[in-house]
Amino acid sequence: MANISIKTISPIHVGSGRFLNKNTDYFFKDEKLIIVDENKLFEILGSKMIAKWIASVEDNVDLTSFLHNEKIELNAEDVALRILPITGNINRAKSLQSIKEHVINGMGLPYIPGSSIKGAIRSAIFNEQVRKGSKINTDLLKRNNRYSGESLEKKLFGIDPNHSIFRFLRIGDVHFPENSTMALIMDNINLKGNPYKPSVLFDKSKNQLVESIAISSQSEFRMSFDLKGMEENEKAQHIKHFPNYFRDIQALFQLINVNTKLLLEEEIDFWNDYDDDVARDYIKKLYDFIRKANSCSANECLLRLAHGVGWKFISGNWVKEEDLIEEDDYERIINASRPGNVNRYK
């Protein structure tokens, strides 16, 4: 088992599935976003005041106004579950009505689930394996008149979790210290206008406030290969072959780095088609990530955990590779995946 050090070079968001609402679940104070600890608030208010507070919520009275009306003076720390610095324009942050919560453990600490890291590694290995193969029969991708990579994944990795090579890769959760998250205004870059000659714009209709692990946050997690289990499975012929990178962390890191650079290069190639300041600024950031990937030693890698980048830039767009998918089949997949936007995603 190896202890793996991790350092974030961009904000990381893994959602808890909850949207927190402004003025009830959080409020703003001194250019910080204060997530309310209900237990702290209820203890301060007392049983009689709680009923009054609940009634005020139903009347759409925000928490700060309620406390002011009741002449209750509190410091943010008195009711705070977490206090988040805000990255971006504070007025834009205040204009949004909710924030997507990052996943938090039982101790109130932000973390990246081991399953999220494993999923990103799985995608890297999938991209490597599928590109090594021959032309793909798209009938394998069809399922109930839709397209899915599930059958192809089963062919590459095993028919179910009990027969998958990934059961032998064990990755622990990554826990970060208290106060490691921030409130990030997520800008969305999108194509708008004429589908044959679109403009690149910040899509303000999709502005979101997202709780994210901050840049340069550091932690450790554990990773191991179940070598004994792999040996037993090879003898029983349940899984006939384990790739080298399932026995050697350096080999796995090298594969991850190659995949990350491929993802970044694919994204750069896409945005290079648009001579636009917004696209150029974004491309500069992508090149910076490539430089970081190129500077990794044999014991390091750059792993992309992507939130909100779109299906093409998570997958590396292997589906468009002519050696794997016929062009007509690609068009049909695009039609199924993005109805009404075929030309935009060519």
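The rules behind these values
Residues numbered from 1 in each chain as written. Predicted model: local features only at pLDDT ≥ 70, side-chain atom pairs only at ≥ 80, totals over all residues. Heavy atoms only, no water. Pairing = 2+ DSSP bridges. Helix = DSSP H or I, 4+ residues; strand = E, 2+ residues; numbered from the N terminus. Axes fitted to C-alpha atoms, helices over the stretch in contact; angles between N-to-C directions. Contact = heavy atoms within 4.5 Å.

## Points about the sheet that holds strand 6 (residues 98-102)
Right, on to step 1. An order of 2-6-15-12-5-4-3 is seen for the seven strands of this open sheet, with the pairing classed as mixed. Every other strand in the sheet has two partners, leaving strand 2 (15-21) and strand 3 (26-29) as the edge strands with one partner each. For this sheet the average axis-to-axis angle between neighbouring strands, irrespective of direction, equals 30°.
Right, on to step 2. The pairing of strand 3 with strand 4 (residues 32-36) spans four bridges and is classified as antiparallel. Considered in strand 4, the bridge of Phe 27 is made with Ile 34.

## Focus on the sheet that holds strand 1 (residues 2-7)
As a general point, the strands of a sheet are linked pairwise by backbone hydrogen bonds and lie either parallel or antiparallel.
Right, on to step 1. The three strands lie next to each other as 1-16-10, forming an open sheet whose pairing is antiparallel. Looking along the sheet, the strands with just one partner apiece sit at the ends: strand 1 and strand 10 (169-171). Each neighbouring strand pair of the sheet contributes to a mean axis angle of 30°, computed without reference to strand direction.
Right, on to step 2. Two elements, strand 1 and strand 16 (residues 218-225), share six bridges in a ladder whose sense is antiparallel. In the strand pairing of strand 16, Ser 5 is matched with Glu 220.
Right, on to step 3. Set on the sheet, helix 8 (residues 249-271) makes contact with strand 1 and strand 16; between it and strand 16 the angle comes to about 115°.

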